[in-house]
Structure formats: structure tokens, C-alpha cells
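# Structural overview for review
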Amino acid sequence: MNQCREDTEQEVVTGLVCEEADLKDGQMKEVMVGEQKVLLVRTQGQYSAIGNKCSHYNAPLIKGIVVGDSVRCPFHGACFNVRTGDIEDYPGLDCLPTYKVKVEGGKVYVSINKNSLNMTKRVKEMCNMSPDVKHTVLLIGGGPASLVCAETLRQNCYQGRIIIITKDTLPPFDKPKLSKALNVESNKILLRSADFYQQHGVEVWTQREVVSVKPAEKVVKMNDGTLQHYDQLLIATGCRARTLTCPGSDLKGINVLQGYEDAKEIHSSSTGQKVVVVGASFIGVEVASYLSGKAASVAVVGTTRYPFEHCLGPEVGKMSMEMLEDKKVKFFMNDRVTEIRGENGKVKEVVLGSGTVLEADVVIAGIGVIPNSDFLAESGVEVDPRKAVIVDKFMRTNVADIFGAGDVTSFPLTIRGDQRVNIGHWQMSQAHGRVAALNMLRKPTKIESVPFFWTAFHGKSIRFAGFGDGYTEIIIKGKVEERKFLAFYIKDEMVVAVASMMFDPAVAHIAELMANGHTITKSQAQVEDLSWLRM
């Protein structure tokens, strides 16, 4: 059933897409209207029609999950309202197009304006800056939290001045892509164009760094000595890569992946060379995976038995290691770097605690991060022992008119009873930025998002939702060794996190259940019948 007609007067294309009884509540179907694929959804007895692809990386939403009035992307967890198309949870920036639905005579029709036939995403309407509004919001940091904060302000009729200040050479860009595709061109990862910032009155100051904040005067000082006034301030400076401190760590050829230039340098210097990656972290493993077909050799040194063992457990860690070993990556686990030796000032060898000596032309460190909060030393802004900026559920610091967002913060996590956490997830940073903006505008909003994370190597992705710290047991469905599984992480008889590979949309569904306040018990995870997950 896919009959179309064109109404030239109204410039619309209308398609008969299904019978009214074809879908039950909570079901969706991908239909064609003209040459456009549309996601048709039925909730609470009503039909809605929206764009069929996630605005993040164009994943097919038909493979996702509908809960209530929301559809959640199966790949990375972005969530959209099925009636308005608005993005409700991240990652991604844009909303989905919506289409007119009419039910008549037991048949369902969808109409699309011809001008929007090829539109796959929709930028939410924003106001412009007004020179009459003497108010400035200063956003320190050029990551996703600052960008979403800026856009949310404009979407909610804020007409003051918005300034994003970043140390990076680029305006906000898609940083998760760097470790997975080191040689990506800058224009492929920019989150917004220069025209976008100009159109919406958002100033982006690149290669500038804030070195101090004076709340009493409401000014920040830059690394060039200049001062900038603010009325409200967002600290979204993220984290910096931890560097090696062993003897020889000052030799040439030692890298960390911090920004775009680092990625390009690692790609060019590693091609055809012997590479040692220090740290079996997500960043370390993704970089090793990328370089496995480009470098002469790749070795990974880690302090645990398997990569990500503490986070995902030994079974998933072992599987991940075997996937890279299939591509000739060598692992030296339960070991550590004690010295890096050089020749003529450049890296030559990496010495391990076990006595093993690895030849190396390039060393890449992926050994953790440090919150960028040093510049706040005399500001009175409270930080925790790890130097993360402490915020409440409204993203407020202890200092009036100063908010925090993203990887630099320690915040109360709803799904863990407001346990204070520091989570470096892209999606969570975007959610923080939105909540901070709404509270700047005196629209009280709490951070309620469920952490959602993904890693990818050798064409496979692991999806993860929840917060697994302190888990005591893992229940696995499927077979990890066959690289198709769903893992439940248990603490106090409850599921606190979940990870999967080739098991969509399970993780997205559990994230949606958690977001709606549902608890999942250990006994639910143990049952053989997973029909409750609507796989």
C-alpha cells in the first residue's frame, strides 16, 4: 500500500501508507511517501509521522525503540518526540522533520511539502541577538556542552550576547570521531558551519584560553592579558589527556590524542612505523584499531588482564583484545612502562616492568584524563579531590551565576540515587549544556539523562548505557566469543548498566526504561525469555 497523489496547488505529496488497524500503540513502520522514507508511529491511539533517520549519524530509527511518545535511536541513544520531532536526549543537535497525518475511512495518509521532500533533519527555530539587550553569557570551552548551551539559549528567546571561548584551532567539532578516524578532514567533523554561528549571533573565539575567573567583578582574564565581562558563565573546559611521567617521556615521538592537530600528527607519524600504545583504554584501543592496517606494527601496553576490564568485565575485554589480535595488534597486559629510551632525542624503545623491550618509532599515551579546572584556583568555585567542578542537579556551582557542564564536572546522577559522578560521555555533555542553559534562563530543570556510550573498532560497536561502577556480577545473554551478546551489570540485585554488541535495540530500550524511572532487577536479567525487551 503506497498510493501517492500530488496536490499542485498546495505543493504537497500525499501518500496512502497503511490501514488504520495495521499498527498497535507503541509500534512503528517505515513507509514511502513519494520518494521519501518516513517513520510512521502509533502512540495512544494516534498516528504521527517523522523523519526516519537519527539526526546524529543517520541511523535508521525503525531499528530503535518506541516508549511512550519517544523513539530512541538504536545506535547511540538519541531520543526524539514522535509528535513534534524535537530532540529530547542526545547525542546529535537537530530535530526531525514532522509530516501531516490524516486518518480517514480507516486509512492513514501522510502528506509532505515538496520543498521538504529531501530534508532529513530540522534545526530548531532560534531567535537572534538584540543589541538592546545588555547581557552576556560566556561559555568557556569549545565542546558539545557549550554548543548545546548556546543553541538552547537562542531556542528559548535569549537575545543577549553569547561568546564561546576555546583553546582549539577549530570551532566545536565531533571529537569522538578523532580516535576512530585519525585522518578525517576538519570540514567533516565541524558540528556547525561558520554561517550558522553568524546567523544566530554566537561568537566563537578560537585559540584563546581563560586563565582566571573573578566572580566578584564578573570578569575572566585571557592568556593574552585581556579581560572579558560576563553576566553568567559556563565552565565546560573538559579534560586534558594525562601524559607519561616515566624516564624518557620528554623524547620526540610521544603523543596524546587531545585535538584535531594531534590526530593528524599521529596518523602521519605512525604510517609505516612501529607504534606502541600505552594504555588499554577506549581511546587507546580505538587508536590501535585504526592504525592496525597502516602502521608497520602496533603494540598495546595495559595494566589489567584485558582492555576495559574494570568497566566492561573480563569476557568483553578478552573479546575486544582478540578482535584486535586478529588484525595483528600485539598486547602486553598486566604490565607497565618503566622507561622510554631514545636515540638522537627521538623514541627508539619502550621498556616494560616485566623486562620486555618494545621497538618504537611512535608512542601514543591513552592513560586517562585530568579535569581542566586549574584556572579556577582563586575563583572560589568548589572542586572535588580529582579537580572536577562540583555542580548540583541544575548544573549550578557554589558561586552565583557560574554553571558547569560536561567532562569537567562532578554531578548527581539520578539513576544512582544522586550519587556524585564524573562521566566523560559526549551525550551527557550535551545534556548538561541544555540543562545549564535552561537554568540560566530561570527555567528550573534537573539533569536526568541516562549515560550512554559507544566504542567502535574493526567495524563492530559496543553500546553501553547506565553507570556500572561497583558492579559485583555480570549476566550475559548470547555469546561474547561469537561477538553477539547482551551483558547486564548487577549491583545490589539491580541492573545498573548494560552493554551489547549486535544486540540492538536492547541497550537503547534499557536506557529508555531507566530514563522513565523503571528499575530492572537481577531476576529479570536472568530469565531466558527476553520478550520484555521487545527485541
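Right, let's walk through the structure included here. As the structure is a prediction and not an experimental result, all values here were calculated from the model.

Now for the nonpolar core. Counting 70 residues, the largest nonpolar core has Val71, Leu139, Val213, Val220 and Leu234 as its most contacted members. Apart from residues no more than four positions distant in its own chain, leucine 234 is found in contact with Leu138, Leu139, Ile140, Ala145, Ser146, Cys149, Phe403, Gly404, Ala405, Ala436 and Met440. If you look at the next biggest cluster of nonpolar residues, it comprises 48 residues, including Leu178, Leu182, Tyr260 and Tyr471.

Across the sheet, which stays open at both edges, the five strands sit in the order 20-27-21-22-23 with parallel pairing between neighbours. Looking at strand neighbours, the two that pair on one side only are strand 20 (254-256) and strand 23 (329-332), the edges of this open sheet. Between one strand axis and the next, the sheet turns through 25 degrees on average, direction left out of account. The pairing of strand 22 (residues 297-301) with strand 23 spans four bridges and is classified as parallel. Residue pairing in the sheet places valine 298 in a bridge with valine 329 of strand 23.

Moving on to helix 7 (residues 426-440). Between its first and last C-alpha atoms helix 7 spans 21 Å; for 15 residues at 1.5 Å apiece the expected length is 21 Å, and the two agree. Burial of helix 7 is extensive: 14 of the 15 residues sit out of reach of the surface. Positive backbone phi, approximately 65 degrees, marks arginine 442, located one or two places after helix 7.

For the bond running from tyrosine 90 to proline 91, omega is 20 degrees, close enough to zero to count as cis. Locating proline 91 in the fold gives a position in the loop between strand 9 (87-89) and strand 10 (98-104). Following aspartate 504, the chain continues into proline 505 via a peptide bond in cis, with omega recorded as 0 degrees. Topologically, proline 505 is positioned in the loop between strand 37 (494-501) and helix 8 (506-515). Its identity is not glycine, yet methionine 502 carries a phi of approximately 55 degrees, on the positive side. Along the chain, methionine 502 turns up in the loop between strand 37 and helix 8.

This part takes up the packing of aromatic side chains. All told, the structure shown has seven aromatic pairs when counted by the stated rule. Through a chain of ring-to-ring contacts, the aromatic side chains of Phe282, Phe308, Phe453 and Phe457 assemble into a single cluster. In this arrangement the basic side chain of arginine 192 is found over the ring face of phenylalanine 196, its NZ or CZ atom lying 4.4 Å from the centre.

Conventions used here
- Residues numbered from 1 in each chain as written.
- Predicted model: local features only at pLDDT ≥ 70, side-chain atom pairs only at ≥ 80, totals over all residues.
- Heavy atoms only, no water.
- Core = buried A, V, L, I, M, F, W, Y, C linked by side-chain atoms within 4.5 Å.
- Buried < 20%, exposed > 50% of the residue type's maximum accessible area, 1.4 Å probe, protein only.
- Contact = heavy atoms within 4.5 Å.
- Pairing = 2+ DSSP bridges.
- Helix = DSSP H or I, 4+ residues; strand = E, 2+ residues; numbered from the N terminus.
- Axes fitted to C-alpha atoms, helices over the stretch in contact; angles between N-to-C directions.
- Expected span 1.5 Å × (residues − 1).
- Phe/Tyr/Trp six-rings, centres within 6.5 Å; stacked < 30°, edge-to-face > 60°.
- Lys NZ or Arg CZ within 6 Å of the ring centre and 35° of its normal.

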